[in-house]
Amino acid sequence: MATIAAVTHNFPSFLSADRHDGIGAGLSAALPLGGLVAAYGAAEAFGIQPVLHAPLGLPEWTGALALAISLPLWGAARWIVAEHGDEGRAAGWWIVALMIGAILAPFLLTIADPFMSTVVSMLLMLIGLAAAGRAANVSGRAALLVLPGVAWLGLGAVLGFGVVAGGWSPPFAVTQGAEA
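Remember, predicted model here, so these are calculated numbers, not experimental data. (Residues numbered from 1 in each chain as written. Predicted model: local features only at pLDDT ≥ 70, side-chain atom pairs only at ≥ 80, totals over all residues. Heavy atoms only, no water.)

Focus on the overall build of the protein chain
Scanning the protein chain from N- to C-terminus turns up 6 helices and 0 strands. Overall, the protein chain shows an N-to-C arrangement of helices and strands of α-α-α-α-α-α. Counting all 180 residues of the protein chain, 34% fall into the buried class. A sequence separation of at least 24 residues applies to 72% of the contacts in the protein chain between residues at least 6 apart. A total of about 10,500 Å² of accessible surface is found on the protein chain, and carbon and sulfur atoms cover 71% of it. (Helix = DSSP H or I, 4+ residues; strand = E, 2+ residues; numbered from the N terminus. Buried < 20%, exposed > 50% of the residue type's maximum accessible area, 1.4 Å probe, protein only. Contact = heavy atoms within 4.5 Å. Areas by Shrake-Rupley, 256 points an atom, 1.4 Å probe, with all protein chains shown as cover.)

Rendered as structure tokens:
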């Protein structure tokens, strides 16, 4: 713990997202977007095109918009719970895991088939529900900031399972029907 305390005290306080003022709230909301921009910038540099899925046949940009709206809300929720002792810090780490997962999921989906895409979406939604539950134990307001993005993730996951259950089969599966 001494190392963490030493690093925390040496970190310039004006750059701390854990400040309990408007600057801390603003940094907490902006830093996840900065992580998103950095991840996508690095992907562009390496020629990787992430896959942003949008449910209900909506254009792909709606998925990007939902992510761009959810990340600052999740950052603000993390800021709210961070000031509530050990339980708040634990809830904050769940929210950070959700943010990291949401930023990295489109890169995982570039190599995933529909079933694995659905599994990734469902796991991310479950992490989001766990983060919302942990946040709710500390602050109902923070949980309310987490839930809209989790609802979007849940919509995609549920619809994905509907597609998978509706007849999709992996390329190695036995198919019905005789070849002529």
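And the narrative resumes.
Some points on the nonpolar core
If you look at the biggest cluster of nonpolar residues, it comprises 35 residues, and the most contacted ones within it are Leu71, Trp74, Val81, Ile95, Leu98 and Val146. Mapped by element, the contributors of at least two residues to this core are helix 2 (22–45), helix 3 (60–82), helix 4 (85–108), helix 5 (114–138) and helix 6 (140–165). Of all the elements, helix 4 adds the most residues to this core, at 9 residues. In this view, leucine 71 contacts Pro32, Leu33, Leu36, Met99 and Ile103; residues no more than four positions away in its chain are not counted. (Core = buried A, V, L, I, M, F, W, Y, C linked by side-chain atoms within 4.5 Å.)

Observations regarding the packing of helix 3 against helix 6
Put simply, helix 3 and helix 6 touch, their axes get as near as 8 Å, and they point 155° apart. The orientation of helix 3 relative to helix 6 falls into the category roughly antiparallel. Two packed elements cross with a definite hand, and for helix 3 against helix 6 that hand is left-handed. Of the residues in helix 6, those in contact with Thr62, Gly63, Ala66, Ser70, Leu73, Trp74, Ala76, Ala77, Ile80 and Val81 of helix 3 are Arg141, Ala142, Leu145, Val146, Gly149, Val150, Trp152 and Leu153. Looking at the contact of helix 3 with helix 6, its residues break down into 13 nonpolar, 4 polar and 1 charged. (Axes fitted to C-alpha atoms, helices over the stretch in contact; angles between N-to-C directions. Parallel < 35°, antiparallel > 145°, perpendicular 65-115°, else oblique. Left-handed = near helix turned anticlockwise from the far one by under 90°. Nonpolar A, V, L, I, M, F, W, Y, C, P; charged D, E, K, R; others polar.)

Describing the packing of aromatic side chains
The tally for this structure, following the rule as stated, stands at 1 aromatic pair. On the numbers, 5.2 Å between centres and 55° between planes, the contact of tyrosine 40 with phenylalanine 107 is tilted. In this pair, tyrosine 40 is assigned in helix 2 and phenylalanine 107 in helix 4, connecting sequence segments 67 residues apart. A relative accessible area of 22% means that tyrosine 40 is categorised as partly exposed. Look at phenylalanine 107 and you get buried, because its relative accessible area is 18%. (Phe/Tyr/Trp six-rings, centres within 6.5 Å; stacked < 30°, edge-to-face > 60°.)

Some points on the packing of helix 5 against helix 6
Look at helix 5 against helix 6: their axes get within 8 Å of each other, and the N-to-C directions meet at 160°. Judged by the angle between their axes, helix 5 and helix 6 are roughly antiparallel. Seen along the crossing, helix 5 lies across helix 6 with a hand that is left-handed. Looking at the contact of helix 5 with helix 6 residue by residue, the class counts come to 19 nonpolar, 6 polar and no charged.

Considering the environment of leucine 145
You can see leucine 145 is positioned in helix 6. Given a relative accessible area of 22%, leucine 145 falls into the partly exposed group. Distance from leucine 145 to serine 70, taken between C-alpha atoms, is 8.3 Å for residues 75 residues apart in sequence. With sequence-adjacent residues up to four places away left out, leucine 145 is seen in contact with Leu73, Trp74, Ala76, Ala77 and Ile80.

What about the pattern of salt bridges?
The full count for this structure, using the stated rule, is 1 salt bridge. Linking arginine 89 and aspartate 86 is a salt bridge whose minimum nitrogen-to-oxygen distance equals 2.5 Å. Remark: aspartate 86 and arginine 89 occur in helix 4; sequence separation between them is 3 residues, near one turn of the helix. Residue aspartate 86 is classed as exposed on the basis of its relative accessible area of 62%. (Salt bridge = Lys/Arg side-chain N within 4 Å of Asp/Glu carboxyl O.)

Description of a nonpolar patch on the surface
Taken together, Leu123, Leu126, Leu129, Leu144 and Leu147 make up a surface patch of nonpolar side chains, about 470 Å² in accessible area. Only helix 5 and helix 6 provide two or more residues apiece to the nonpolar patch. For leucine 123, the position within the fold is in helix 5. (Patch = residues over 30% accessible without salt bridge, like charges linked within 9 Å, V, L, I, M, F, W, Y side chains within 5 Å.)

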